[in-house]
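Given next are the chains, with one letter for each unit.
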Amino acid sequence: MPTTSHSPPSARERLPWKDFLHHDLPASLVVFLIAVPLSLGIAAASGAPLIAGLVAAVVGGVVAGALGGSPLQVSGPAAGLTVVVAELVNQFGWAATAAITCAAGLLQILLGITRIGRLALSLSPAVVHGMLAGIGVTIAVQQLHVVLGGKAQSSLIANVTALPAQLIAHHGHSVAVGVLTVAIVLAWPRIPKVKAVPAPLVAVVAVTALAAVAMPDVTRVDLPDNPLQSLILPRMPAGTALEIGTAVLTIALVASVESLLSAVAVDKLHRGPRSNLDRELIGQGAANAVSGALGGMPVTGVIVRSSTNVTAGARTRASAIMHGLWIAAFVLAAGAMLELIPMAALAGVLLVTGLRLVQLAHIRTLRRHDELLVYVVTAVGVGVLGLAEGVLLGLVLALARVLYRLARATVTATEADGLWTVRICGALVFLGVASLVRTLRAIPVGAAVRVELTVDHLDHAAYEAIEDWRRGHVARGGSVEVHRGGVAEQLDDVPLKALLARLAAEGQRPAHLFITCADSRIVPTMITTSGPGDQFCVRNIGNLVPPKGSNSSSVDAAIEYAVDVLGVRSIVVCGHSSCGAAAAALAADVPEGSGLESWLRHLEPSIRRAVRLPDVLDPATGATLPPADKLSVANVIVQLENLRTFPSVRRAEEEGRLELIGLWFDIASATALSVVDHPPFLVGADEELLKIRTSGTASDREREHRVRDPSPNV
């Protein structure tokens, strides 16, 4: 459970070196082992000197790790910049690309100092994920040629066109190396109890050993004998100011967006200090300035290495710094070992890495939010036209869709029992006035009308149109009531005192039983957009529903009263992120013999369920949930099952009178997600929330009463 600021110093504060040896040092070794093959592969795919990838890995670990604002993020060369770097190398050469990297780093520092760098996060997620998907497909198709023993072409179209000929061509040992690498990278994480060892490391070591014994003719990594003396230092690019400026801006913006998005995703993987995004941008800029000055590749925060760092147990930035130092020491002392690695093995690792930039979780999320078209257009544009052109195309489309939505309102008019209800939703501006007026004029003269305004924006032209129609309709013998949307505004329309007086007189008639945690950050009425009288609520530590017969009389009584007496139509079990109960149960640090220890024993079935579940991904970011959050999701599934141990619940559900709903609330993003008992376990909750919000609130019933029986004291 969370501790107060008055708690005694933790063991980590008292013994920092012991904590470093137990957590950060082992984590740094794990990240080092995965970073070396990835850095070499990214350099090879970018057309950069292989040593440049290792330089970027060292500088990213040491400089960005020491100066950045995301303590557990690991930085280095990233697959997301592969296409950009390859284009710059073809256009300017490597020495000039290093100078561009250095200038981009200085620009990032400026963006961080002026505190405008975080505006990069304002980009549409559909554009960002589409950009990464386009880059990923380009990398995958490019590296497929290398895996097949051929040579990659300069563009995605050229690579796709040449692929059939490459497939039927003669293949040597390189194909066996590449295919075996891909197979190991894909299969290794599925083997129980070995996930702690990175799959790319296992694949590269295994095929390197096999090639050394049976495949002497494969092309291998070629590093200079003296790495320090062979560095290619930056040189001023030859080109127009516009070309150079565009190149610098492209590197700076793409690296910034990828780093900041990665930092935000890493924050969701641990419970430590949150990222300072401005400081992170300054650290990334410093790393790029130094890397470019030393002839290294561009540096960004990388989610693959960062998530490995967190999973391996890192606690501080020391892990990222040490991983960079390990790479430097290894290259200087044992660089000859790297020259045993076949190039096809690195291509196989990069092929899988590229494909993983196309994440199905992102596609499903964007499809639910009607943003898939922007994603596809951006991805295709990046692959076919180039990075800058594809991103610009995606931004233009995203902006056009935003403007369309702002200018689009839904206007409906329905009649029931002599009362016409006009519902206006969306953003109502002058462009939608014509449709609005047509709908209003279709209402019969003299009718009683209720206008429900649930709008994000109402401009003067739209207001005048509604007001002119209202005056005319009233003048011809009709009546008009106008109500604005939003919970607070609804309560203004229905005086709270009158609403509570009627609830006191008539009794409560809630539609839902809402079971959630006692955590002070969870506000059920905010999640469900409800008010007084709308839901019957049960709160306890861990949102637990002990099975029937567990001697938990309070929870039993609430469930049976809600179902049998109140006749609720649904029961919602709502878990949440950063749950103190889940964290305490996993840490097993609850005082023995306490009431809390006794209560948290009810979490043990959920812990066992969480262990059996595969990784649960955040639908918004695609990042793996940390163990406590995964347990919180599994706990919702288990509590829904426990509800069915109550005869009244089981009977009502079988008769179709009751629905059980699982929700999980992400506190950081203020987003409610639906919990399902099968992969992906977390999905959008739009339909579930709509059921809860549209089933008739107490304030709605109060308005209906006022329309039927208008009395002066209400």
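Numbers given to residues run from 1 along each chain, matching the order in which its sequence is written. Given that this is a predicted model, residues contribute local features only at a pLDDT of at least 70 and side-chain atom pairs are listed and counted only at 80 or more, while totals for whole chains, interfaces and linings are drawn from all residues. Water and hydrogen atoms play no part in the side-chain values, which are based on all heavy atoms of the structure.

Asks: Teacher, can you tell me more about helix α19 (residues 460-475) here?
Replies: Quick reminder: α-helices carry 3.6 residues per turn. Residues three or four places apart thus point the same way. Numbering of helices and strands runs from the N terminus; a helix is a DSSP stretch of H or I covering at least four residues, while a strand is a stretch of E covering at least two. Helix span, expected: 1.5 Å multiplied by one less than the number of residues in the helix. Given a rise of 1.5 Å per residue, 16 residues ought to cover 22 Å, and the 22 Å separating the end C-alpha atoms of α19 matches this to within 8%. Ala-462, Ala-465, Ile-466, Glu-467, Trp-469, Gly-472 and His-473 are the residues of α19 that are buried. A positive phi of about 100° marks Gly-477, the residue just after α19. Working definition: with a 1.4 Å probe on protein chains only, accessible area under 20% of the residue-type maximum means buried, over 50% means exposed, and in between means partly exposed.

Asks: Can you walk me through empty space enclosed by the protein in this structure?
Replies: In this approach a probe as big as a water molecule rolls over the atoms, and the regions it shows empty are the leftover space. Both cavities and pockets are sets of points on a 1 Å grid over the protein atoms alone; in a cavity a 1.4 Å probe fits but cannot get out, in a pocket the set is open with protein on both sides within 12 Å along at least five of seven lines, and lining residues sit with an atom within 4 Å of a point. Grid points are joined across faces, edges and corners, and a volume is the space filled by probe spheres set on the points. Per the stated rule, a full pass over the model turns up two cavities of 30 Å³ or more. Estimated volume of the second largest cavity: approximately 40 Å³. Looking at the second largest cavity, the residues that line it are Gly-542, Asn-543, Cys-579, Ala-581, Ala-582, Leu-603, Leu-631, Ser-632 and Asn-635. Those elements that place two or more of their residues in the lining of the second largest cavity are α24 (580-587) and α27 (627-643).

Asks: Got a minute to help me understand the environment of Ala-336 in this structure?
Replies: With respect to the helices and strands, Ala-336 occurs in helix α13 (residues 318-338). When the C-alpha positions of Ala-336 and Asp-222 are compared, they lie 9.1 Å apart, and in sequence the two are 114 residues distant.

Asks: Explanation requested: the packing of aromatic side chains in the structure shown.
Replies: Ring pairs (aromatic) are described by centroid distance and by the angle formed between their planes. Side-chain rings of Phe, Tyr and Trp (the six-membered ring for Trp) are treated as a pair once their centres are within 6.5 Å; stacked means planes under 30 degrees apart, edge-to-face means over 60, and tilted covers the remaining angles. Taken as a whole and assessed by the stated rule, the structure comprises two aromatic pairs. Ring geometry for Phe-536 and Tyr-561: centres 5.8 Å apart, planes at 45°, overall tilted. Here Phe-536, found in strand β8 (residues 535-540), pairs with Tyr-561, found in helix α23 (residues 553-566); they are 25 residues apart in sequence, far enough to count as distant. Classification of Phe-536 as buried rests on a relative accessible area of 17%.

Asks: Would you take a moment to explain a nonpolar patch on the surface for this structure?
Replies: A patch is a set of surface residues, each over 30% in relative accessible area and not in a salt bridge, joined within 9 Å for like charges and within 5 Å for the nonpolar side chains Val, Leu, Ile, Met, Phe, Trp and Tyr. Each accessible area value is a Shrake-Rupley result obtained with a 1.4 Å probe; residue values ignore everything except the protein chains displayed when judging cover. The term salt bridge refers to a side-chain nitrogen of Lys or Arg lying within 4 Å of a carboxyl oxygen of Asp or Glu. A contiguous nonpolar patch, built from Ile-157, Val-376, Val-380, Val-384, Leu-385 and Leu-393 and spanning about 500 Å² of accessible area, is present on the exposed surface. By the secondary structure assignment, Val-376 is in helix α16 (residues 372-384).

Asks: Even after reading the chapter, I still don't get the nonpolar core, so can you show me in this structure?
Replies: The biggest cluster of nonpolar side chains holds 83 residues, and the ones touching the most others in it are Met-297 and Ile-327. Residues belong to a common nonpolar core when they are buried Ala, Val, Leu, Ile, Met, Phe, Trp, Tyr or Cys residues joined through side-chain atoms within 4.5 Å. Within the second largest apolar cluster, 47 residues are counted, among which are Phe-536, Leu-566, Val-568 and Val-616.

Asks: I'm lost on the packing of helix α10 (residues 241-267) against helix α11 (residues 277-293) in this one. Help?
Replies: Packing of α10 against α11 leaves a shortest axis separation of 10 Å and a crossing angle of 130°. Overall, the two elements α10 and α11 adopt an arrangement that is oblique. As α10 runs across α11, the sense of the crossing is right-handed. Of the residues in α11, those touching α10 at Ala-255, Ser-256, Ser-259, Leu-260, Ala-263 and Val-264 are Leu-277, Glu-280, Leu-281, Gln-284 and Asn-288. Looking at the contact of α10 with α11 residue by residue, the classes come out as six nonpolar, four polar and one charged. Note on method: axes are straight lines fitted to C-alpha atoms, helices fitted across the in-contact stretch only, with angles between N-to-C directions ranging 0 to 180 degrees. Just so you know how the angles are binned, under 35 degrees is roughly parallel, over 145 roughly antiparallel, 65 to 115 roughly perpendicular, and the rest oblique. By definition, any crossing whose near helix is turned counterclockwise from its far helix by less than a right angle is left-handed, and any crossing with a clockwise turn is right-handed. Whether two residues touch is decided by their heavy atoms; if any such pair falls within 4.5 Å, the residues are in contact. Each residue gets one of three labels, nonpolar for Ala, Val, Leu, Ile, Met, Phe, Trp, Tyr, Cys and Pro, charged for Asp, Glu, Lys and Arg, and polar for the others, Gly among them.

Asks: I'm lost on the side chain of His-512 in this one. Help?
Replies: By the secondary structure assignment, His-512 is in strand β7 (residues 512-517). A residue is classified by how much of its surface remains accessible, and His-512, at 6% relative accessible area, is buried. A polar contact of 2.6 Å, which involves the side chain of His-512, links it to the side chain of Ser-570. Two N or O atoms count as a polar contact when they lie within 3.5 Å, although within protein this holds only if one can serve as hydrogen donor and the other as acceptor, and sequence-adjacent residues are included solely when both atoms are side-chain atoms.

Geometry only, nothing functional implied.
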